[in-house]
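Now for the letters of each chain:
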Amino acid sequence: MSNQNQSDHNSTQQSTTSFSPEVLLLAEQLAEKNNSDDEINLAELWQAIWSGKYIIIVISFIFAVSSIAFALSKPDTYKASVLLAPASSDSAGGMGALAGQFGGLASLAGISLGGGGTDKTALALEIIKSRAFLETFIIKHELLVPLMASENWDRATDSLVINKELYDSKNKKWLRKVSLPKISAPSSWEAYQQFLSLLTISQDKATTLVTIDIEFYSPDIAKKWLVWLITDVNNFMREQDEQEAQSSIDYLTKQLEKIEVSAMETVFYQLIEEQTKNMMLTKVSAEYVLKTIDPAQVPEKKSGPKRALIVVLGTMLGGILSVLIVLIRHFTKNNKSTKPKDENLA
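Residues numbered from 1 in each chain as written. Predicted model: local features only at pLDDT ≥ 70, side-chain atom pairs only at ≥ 80, totals over all residues. Heavy atoms only, no water.

Observations concerning the overall build of the chain
Within the chain one finds 12 helices and 8 strands. Considering only contacts within the chain whose residues lie at least 6 apart along the sequence, 74% involve residues at least 24 apart. Entry remark: accessible area of the chain is about 22,600 Å², with carbon and sulfur atoms responsible for 58%. (Helix = DSSP H or I, 4+ residues; strand = E, 2+ residues; numbered from the N terminus. Contact = heavy atoms within 4.5 Å. Areas by Shrake-Rupley, 256 points an atom, 1.4 Å probe, with all protein chains shown as cover.)

A look at the pattern of salt bridges
Evaluation of the coordinates by the stated rule reveals 7 salt bridges. The partner of Lys 182 in a salt bridge is Glu 190, and the shortest N-O contact between them spans 3.7 Å. Classification of Glu 190 by relative accessible area gives buried; the value is 15%. It is possible to trace a salt-bridge network through shared partners that takes in Arg 176, Lys 182 and Glu 190. (Salt bridge = Lys/Arg side-chain N within 4 Å of Asp/Glu carboxyl O. Buried < 20%, exposed > 50% of the residue type's maximum accessible area, 1.4 Å probe, protein only.)

Concerning the sheet that holds strand 6 (residues 199-203)
Read across the sheet, 4 strands follow the order 6-7-1-8 without closing on themselves; strand pairing throughout is antiparallel. Every interior strand has two partners, whereas the edge strands, strand 6 and strand 8 (290-294), have only one. Averaged over neighbouring strand pairs, the angle between their axes works out to 30 degrees when direction is ignored. Examined bridge by bridge, strand 1 (residues 78-86) and strand 8 share 4 bridges and lie antiparallel to one another. Bridging across to strand 8, Leu 83 finds its partner in Asp 294. (Pairing = 2+ DSSP bridges. Axes fitted to C-alpha atoms, helices over the stretch in contact; angles between N-to-C directions.)

Thoughts on unusual backbone geometry
Cis geometry is found at the peptide bond from Leu 180 to Pro 181, where omega equals 10 degrees. Topologically, Pro 181 is positioned in the loop between strand 5 (173-174) and helix 9 (188-198). A cis amide bond links Gly 304 with the next residue in sequence, Pro 305, at an omega value of -5 degrees. Within the secondary structure layout, Pro 305 lies in the loop between strand 8 and helix 12 (307-345). The phi torsion at Asp 158 lies on the positive side, around 55 degrees, for a residue other than glycine. Mapped onto the elements, Asp 158 comes out in the loop between strand 2 (150-154) and strand 3 (159-162). Within the chain, Thr 208 stands out as a residue other than glycine whose phi angle is a positive 65 degrees. Locating Thr 208 in the fold gives a position in the loop between strand 6 and strand 7 (210-216).

Brief notes about the packing of helix 7 (residues 131-140) against helix 10 (residues 219-256)
Following both chains from N to C, one finds helix 7 and helix 10 inclined at 120 degrees, their axes separated by 11 Å at the closest point. One way to sum up the angle between helix 7 and helix 10 is to call them oblique. Relative to helix 10, helix 7 is oriented so that their crossing is right-handed. In this structure, helix 7 contributes Phe 133, Leu 134, Phe 137 and Lys 140 to the contact, and helix 10 contributes Trp 225, Trp 228, Leu 229, Asp 232, Val 233 and Phe 236. Across the contact of helix 7 with helix 10, the residue classes break down as 8 nonpolar, no polar and 2 charged. (Parallel < 35°, antiparallel > 145°, perpendicular 65-115°, else oblique. Left-handed = near helix turned anticlockwise from the far one by under 90°. Nonpolar A, V, L, I, M, F, W, Y, C, P; charged D, E, K, R; others polar.)

With respect to helix 7
Of all the residues in helix 7, the buried ones are Phe 133, Leu 134, Glu 135, Phe 137 and Ile 138. On the buried face of helix 7, the contacting elements are helix 6 (120-129), helix 8 (144-149), helix 9 and helix 10. Glu 142 sits one or two residues past helix 7 and shows a positive phi near 55 degrees.

Structure (structure tokens):
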């Protein structure tokens, strides 16, 4: 038995010593490669990046120059801001008091007094952003051309620079080239979307103060549009409430003639009095819903574009992209060079 084991050991040694040193070295390299496939060699990464430093510099330089050119090509924009507060009104409290006092009697006559008023400030802010209101606003103040065809502002003449490829100012004709179903003249939906992109509305929940911003090429036009916007939304809300109050008075007056119960007459007289008070408030207050705290001013400093940030981000993007290109080229080349060795070893 021992003789047989000795012979097996000798045959193993002979078979091992029959391989050349080169084959054994390749086998060891293959084993090391299999053990380190999932490991990242930082030294190798640095060496690959250093070997491709010229590619990284060139690509980063191209991106930096392109970002500078892009930043300089963007026109300056100016932001006009206004700070508003909800206008105080006692109409909601009056109707709430009437609902508590005469709600039972009114329900017998089939009339609902409600329990209070709606939040007019929130309603006004939603109206400002609504399509119907902004489309009417654009048409009323003739904002379509400056909104859709302007591309810059000439400080020397204090006038907008109109893109001649979009609009012919002399003949007052739209020239822009668009594909169907669009036409040369911008639609009301396009104008609404464009104006909405210039508008920013925010409200502080703690103080209920509202800030409205309009950003545009011309600081004077941005301020003017903002003043028009606040005036129009106050007038819109005033006209709506005035029509509702007048309709309510007319209805209550007609119903009063049909009432036979004296107790119900008191309810109707109180309601008519309250609606008359609402009518008076709509005619007295100029800032009906939104009261100006800090009026809009012509901005003196530009709000955009942030050219330094554009250049920094563009250069960083070029650097990251160039490093990825260098690493991909390096590992692709290494895989191609090691593949024949692996095949020969196999």
